[in-house]
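The lines below spell out each chain.
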Amino acid sequence: MNIIKAKDYDQLSRIGANIIAGLISQKPNALLGLATGSSPVGIYKELVAKYQAGELDFSQVSSVNLDEYVGLDPTAPQSYLQFMKDNLFDHVNMKNYQLPNGLATDLEGECVRYNQVMADLGGIDLQLLGIGHNGHIGFNEPSDSFTKGTNLVDLNDTTIDANTRFFSSRDEVPRQALSMGIGDIMKAKAVLLVVSGADKRDILKAATTGPITPAVPASILQYHPNCTIIADTAAYGE
Ligand code: GLP
């Protein structure tokens, strides 16, 4: 694991955006794996600024997102499709973006379809990740085994609590999600995990220096051959 220490969230975001912009300039038709949550918002802002400055072209770039809530209207402000439109897709010239469909009537069939979408696009060049307080990546919750492909997840209580801040009440938080599997994340050619804030310090330490275990899903990244972590001082410590 290559760990980059950033002094604060702004620097973390600039470094992350530069890594992604560097990939796109080397490979204009790159397939990006994208993430939601607060951690990547600054990176998206930087990427939009680079696009607006004429430094970056997304016209041949494709993307697949990690996850989507089950049963939430895609136009709801909390849906991950809407999040991605608000933070990136509506502001750059990327046309081919894909997320799991959380409104599919056949959710198992949707997992199969999404796996095929990723396979057809030829493999993820760079997967952007945040980390949950319980070590989840995507929505792959702590468990007794690592997930392989896209799967239907029952969100656990800590995740529901953490995501309540985006809803008007805890009751409104969906209880299920569709998520790319740990196997999909591990197949990405490069992984970029961004971690910000003192509240992530313990889980960052557990994921990077603790045992590799499905009880801490992000710990498997220790086995990834090309994983970069950008952590700010609050998350990493002095
Ligand atoms: C959600 C997302 C994850 C994200 C996590 C942490 O659960 N499904 O992909 O990494 O939140 O979010 P944040 O960056 O807001 O702490």
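Residues numbered from 1 in each chain as written. Predicted model: local features only at pLDDT ≥ 70, side-chain atom pairs only at ≥ 80, totals over all residues. Heavy atoms only, no water.

Colleague: Can you help me understand the nonpolar core in this one?
Modeller: For soluble globular proteins, the rule of thumb is that nonpolar side chains tend to be buried together. One finds Ile20, Leu34, Leu47, Leu88 and Leu128 to be the most contacted residues of the largest nonpolar core, which totals 42 residues. Elements that contribute at least two residues to this core include exactly α1 (9–26), β2 (31–34), α2 (41–52), α3 (80–87), β6 (126–129) and β9 (190–195). Counting 29 residues, the second-largest nonpolar core is a separate cluster that includes Met118, Ile185, Ile203 and Ile220. (Core = buried A, V, L, I, M, F, W, Y, C linked by side-chain atoms within 4.5 Å. Buried < 20%, exposed > 50% of the residue type's maximum accessible area, 1.4 Å probe, protein only. Helix = DSSP H or I, 4+ residues; strand = E, 2+ residues; numbered from the N terminus.)

Colleague: Mind showing me how you'd approach a nonpolar patch on the surface here?
Modeller: Taken together, the side chains of Met1, Ile3 and Tyr236 make up a nonpolar region of the molecular surface, amounting to roughly 240 Å² of accessible area. Assignment of secondary structure puts Tyr236 in helix α8 (residues 233–236). For Tyr236, a relative accessible area of 35% translates into the label partly exposed. (Patch = residues over 30% accessible without salt bridge, like charges linked within 9 Å, V, L, I, M, F, W, Y side chains within 5 Å. Areas by Shrake-Rupley, 256 points an atom, 1.4 Å probe, with all protein chains shown as cover. Salt bridge = Lys/Arg side-chain N within 4 Å of Asp/Glu carboxyl O.)

Colleague: What's the story with the site of the ligand in this structure? I'm lost.
Modeller: Around the ligand there are 14 residues in total, and Ser38, Ser39, Asp67, Arg165 and Lys200 lie nearest to it. Side-chain polar atom of Ser39 to an oxygen atom of the ligand: 2.5 Å apart, as the coordinates give it. At 2.8 Å from an oxygen atom of the ligand is found a side-chain nitrogen or oxygen belonging to Arg165. Surface burial for the ligand is 94%, taken as the share of its 390 Å² of free accessible area covered by protein chains. Among the residues forming the shell around the ligand, the class breakdown is three nonpolar, eight polar and three charged. (Near = heavy atom within 4 Å. Polar contact = N/O pair within 3.5 Å; in protein donor to acceptor, adjacent residues only side chain to side chain. Nonpolar A, V, L, I, M, F, W, Y, C, P; charged D, E, K, R; others polar.)

Colleague: I'm lost on the sheet that holds strand β7 (residues 151–154) in this one. Help?
Modeller: Within a beta sheet, neighbouring strands are joined by backbone hydrogen bonds and run either parallel or antiparallel to one another. Read across the sheet, three strands follow the order β4-β8-β7 without closing on themselves; strand pairing throughout is antiparallel. The open sheet has two edge strands with one neighbour each: β4 (67–69) and β7. Each adjacent strand pair in this sheet contributes to an overall mean axis angle of 25 degrees, direction not counted. Note that β4 and strand β8 (residues 176–179) share three bridges and pair antiparallel. From the neighbouring strand, Tyr69 faces β8, where its bridge partner is Ala177. Contacting β7 and β8, helix α4 (residues 107–120) crosses the sheet at an angle of about 130 degrees to β7. (Pairing = 2+ DSSP bridges. Axes fitted to C-alpha atoms, helices over the stretch in contact; angles between N-to-C directions. Contact = heavy atoms within 4.5 Å.)

Colleague: I tried to follow the pairing of β8 on my own but got confused; where do I start?
Modeller: Along any regular strand, the residues point their side chains to alternate faces of the sheet. Relative to β8, β7 is paired through four bridges, and the arrangement is antiparallel. Its bridge partner lying in β8, Val153 is registered against Ala177.

Colleague: Help me out: how do you make sense of the packing of aromatic side chains in this one?
Modeller: Describing an aromatic ring pair means giving the distance of the ring centres and the angle of the ring planes. Within the structure shown, the criterion is met by six aromatic pairs. For the pair Tyr69 and Tyr80, a centre-to-centre distance of 4.8 Å together with 40 degrees between the ring planes defines the contact as tilted. A residue pair is termed long-range when its members are at least 10 positions apart, and Tyr69 in strand β4 and Tyr80 in helix α3 qualify at eleven residues. Taking relative accessible area as the criterion, Tyr69 reaches 1% and is therefore assigned buried. (Phe/Tyr/Trp six-rings, centres within 6.5 Å; stacked < 30°, edge-to-face > 60°.)

Colleague: Explain the pattern of salt bridges here, please?
Modeller: Any two side chains of opposite charge can pair, so long as their charged atoms come close to each other. All told, the structure shown has six salt bridges when counted by the stated rule. Among the salt bridges present, the one from Asp125 reaches Lys189, with a minimum N-O distance of 3.2 Å. Of this pair, Asp125 sits in the loop between α4 and β6 while Lys189 sits in the loop between α6 (182–187) and β9, and the two are 64 residues apart along the sequence. A relative accessible area of 8% places Asp125 in the buried class. The partner of Arg170 in a salt bridge is Asp161, and the shortest N-O contact between them spans 2.6 Å. Classification of Asp161 as partly exposed rests on a relative accessible area of 42%. One salt-bridge network, held together by shared partners, links Lys27, Asp125 and Lys189.

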